[in-house]
Amino acid sequence: MTLVLGIETSCDETAAAVIADGRAIRSNVVASQVDLHQKYGGVFPEMASRQHVVTITPVIEQAMGDAQTTWDDLSAIAVTHGPGLAGSLLVGVNVAKGLAYARGLPLVGVNHLEAHIATNWLDVSVEEGRVVPPPVMSRRSPGPVGEQAMLFDETDSSAPPAQGEPDPYQITFPVLCLVVSGGHTELVLMHDYGEYQRLGATTDDAVGEAFDKVARLLGLEYPGGPAIQRVAQQGNPQAYPFPRARLDRSYDFSFSGLKTAVLRAVQKYEPEPQRPADRVPGAATASSRPRLHPRTAADLAASFQTAVVEALVEKTSRAAAEYKVSEVLLAGGVAANRALRERMQRALDVPLRLPPVALATDNATGVGVAGYWALRRGQVAGWDLDVVPNLTLT
Ligand code: KG4
Ligand code: ZN
């Protein structure tokens, strides 16, 4: 049995999870800072890192307690070291280093985007919308033991296969990953665990960022994605013919034109901006948005969401066909979006793997899974593991 403690502090969630054999969730604790940042309409980096300092120890203690695990049971500690906010990442990385050093455990640095992808390898029993059956697990005797495979218990017949052994998930690579979060929008070919080739990315806003900004324009709360999804349910997706983001032959995305189109539409419903001389001190200015009629906000939200989803689905299904992938998977907070999940499923000719909605946004389960696979590849970090705020997958 290989137990990995995953730690995640890349943005505004303090999270820890214990993962068994890279697939079973023993515990999953997430302390959200949403309430703290809501009044700013986005993440306030300084406050985020200070809050991580306050929350990280109780979160890890709870994850260990929920998993009924002792430190001696653990095989490794995995931690997100990028991409993300430098001050936030530093908290997780330093705590992970301290614990690994004190307990004599291997330390593994995990890429946050890879952790999002890795939540798709979890074997969870309650899986909303999952269309690929849980991985077929065959019990196998341990194979030839390499240096890193020594980390696993050789006498345990359910121990993961050593390097070079067949993949217990029986995944046929390449797999196409659409990573859509608050900071990233990337279309990536996955050739193997840890081996990625970027096909395209956003040239401006990340898709989650576009959801958050448009939500603010519509007077909805932060985070904007769930708010837009909720309001859009009552709206007409054809009400506003917003531009479809850069439907050219590349696999890059662009969402700033769409965001501007929503702004222009919203401005039509606003009073003329006041001249400075007309302003009463302390009164609301033109920048504090008046409330749109709920019907209008719903139509704008639905039209915006449809334009985003169409752009994502069009490029993903085209890339899936061109690269003849065996399956497509969604990852990142926006993968929780119901319209995206449904439209993608309908458009693809290959199976679609979806993270459970509750695990799409930031948490540490994927850190534990990605940490397990990194461990199998022998990728143990040194004590000089550093944060890399702009770390990439490729
Ligand atoms: O992956 P994540 O939790 O954090 C980052 O790594 O950025 O993603 C957060 C983003 C936010 O922008 C949030 O608005 C968006 O994911 N999001 C959604 C939904 N749930 C979260 N966007 C669209 N629909 C949703 N249901
Ligand atoms: Zn994330």
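All of these numbers come straight from a predicted model, not from anything done at the bench.

Looking at this structure, how should I read the packing of aromatic side chains?
The geometry of an aromatic ring pair is captured by the separation of the ring centres together with the interplanar angle, meaning the angle of the planes. Here the structure, examined in full by the defined rule, presents nine aromatic pairs. Seen from their ring centres, Tyr193 and Trp373 are 3.7 Å apart, and the 10 degrees between their planes marks the pair as stacked. Here Tyr193 is found in the loop between β7 (185-192) and β8 (195-201), whereas its partner Trp373 is found in helix α10 (residues 365-376), with 180 residues between them in sequence. Neither Tyr193 nor Trp373 differs from the other in exposure class; each is buried. Between Phe211 and Phe304 the ring centres are 5.2 Å apart and the planes differ by 80 degrees, which places this aromatic pair in the edge-to-face class. Of the two residues, Phe211 sits in helix α5 (residues 207-217) while Phe304 sits in helix α8 (residues 294-322), which places them 93 residues apart along the sequence. With relative accessibility at 0%, the residue Phe304 sits in the buried group. Three or more aromatic residues joined by ring pairs form one cluster here, namely Trp121, Phe173, Tyr193, Tyr372 and Trp373.

Help me out: how do you make sense of the pattern of salt bridges in this one?
For side chains bearing opposite charge, pairing can occur when the charged atoms are close. Inspection of every chain in the model, using the stated rule, returns eleven salt bridges. Here Lys213 and Glu209 are joined by a salt bridge, their closest N and O atoms 3.3 Å apart. Separated by four residues within a single helix, Lys213 and Glu209 lie in helix α5, roughly one turn from each other. On the accessibility criterion, Glu209 (27% relative accessible area) is partly exposed. Glu221 is paired through a salt bridge with Arg230; the nearest N and O atoms lie 3.3 Å apart. Members of the salt-bridge network, linked through shared partners, are Asp205, Glu209, Lys213 and Lys259.

Hey, could you run me through the nonpolar core in this one?
Proteins that are soluble and globular tend to have nonpolar side chains buried together. In this structure, Leu176, Leu218, Phe242, Phe304, Leu312 and Leu340 are the most contacted members of the largest nonpolar core, which totals 54 residues. Elements represented by at least two residues in this core include exactly β6 (175-180), β7, α5, α6 (224-232), α7 (256-267), α8, β9 (327-331) and α9 (338-347). Among the elements that take part in this core, α8 stands out by supplying 13 residues, more than any other. Each residue touching Leu340, except ones within four places of it in the same chain, is listed here: Val180, Val309, Leu312, Val313, Leu330, Val334 and Ala335.

Help me understand the layout of surface pockets, please; the structure alone is not making it clear to me.
Empty space within the largest pocket amounts to approximately 1000 Å³. Considering the residues around the largest pocket, the lining is formed by 39 residues, among which Ser181, Gly182, Gly183, Asp212 and Tyr222 are closest to the centre. Looking at the lining of the largest pocket, the elements with two or more residues in it are β3 (24-32), α4 (112-118), α5 and α6. The greatest single-element share of the lining of the largest pocket, amounting to six residues, is contributed by α5. Grouping the constituent residues of the lining of the largest pocket by class yields 15 nonpolar, 17 polar and seven charged.

Honestly, α10 in this entry has me stumped. Any pointers?
An α-helical segment advances 3.6 residues per turn. Residues three or four places apart therefore align on the same side. Taking 1.5 Å per residue as the helical rise, α10 with its twelve residues ought to reach 16 Å, and the 17 Å between its terminal C-alpha atoms agrees with that figure. For α10, the tally of buried residues reaches twelve of twelve residues, placing the bulk of the element in the interior. At its buried positions, α10 is contacted by β1 (3-8), β2 (13-20), β3, β4 (76-82), β5 (107-111) and α4. A positive backbone phi angle near 80 degrees is found at Gly378, which sits one or two residues after α10.

Help me understand the coordination of the zinc ion (ligand 2) in this model?
Four donors placed tetrahedrally around a metal ideally meet at 109.5 degrees, and six donors placed octahedrally ideally meet at 90 or 180 degrees. His112 (NE2), His116 (NE2) and Asp362 (OD) make up the full set of protein donors to the zinc ion (ligand 2), lying at 2.0 to 2.1 Å. Counting gaps between the donor residues of the zinc ion (ligand 2) yields the pattern H-x3-H-x245-D. Highlighted residues: His112 in helix α4 and Asp362 in the loop between β10 (352-353) and α10, separated in sequence by 250 residues. Asp362 shares its class with His112; the two are buried.

Conventions used here
- Residues numbered from 1 in each chain as written.
- Chains lettered and ligands numbered in written order.
- Predicted model: local features only at pLDDT ≥ 70, side-chain atom pairs only at ≥ 80, totals over all residues.
- Heavy atoms only, no water.
- Phe/Tyr/Trp six-rings, centres within 6.5 Å; stacked < 30°, edge-to-face > 60°.
- Helix = DSSP H or I, 4+ residues; strand = E, 2+ residues; numbered from the N terminus.
- Buried < 20%, exposed > 50% of the residue type's maximum accessible area, 1.4 Å probe, protein only.
- Salt bridge = Lys/Arg side-chain N within 4 Å of Asp/Glu carboxyl O.
- Core = buried A, V, L, I, M, F, W, Y, C linked by side-chain atoms within 4.5 Å.
- Contact = heavy atoms within 4.5 Å.
- 1 Å grid on protein atoms, 1.4 Å probe; cavity = no way out; pocket = protein on both sides within 12 Å on 5 of 7 lines; lining within 4 Å.
- Points joined across faces, edges and corners; volume = space filled by probe spheres on them.
- Nonpolar A, V, L, I, M, F, W, Y, C, P; charged D, E, K, R; others polar.
- Expected span 1.5 Å × (residues − 1).
- Donors = N, O, S within 2.8 Å, 3.2 Å for Na, K, Ca; no water.

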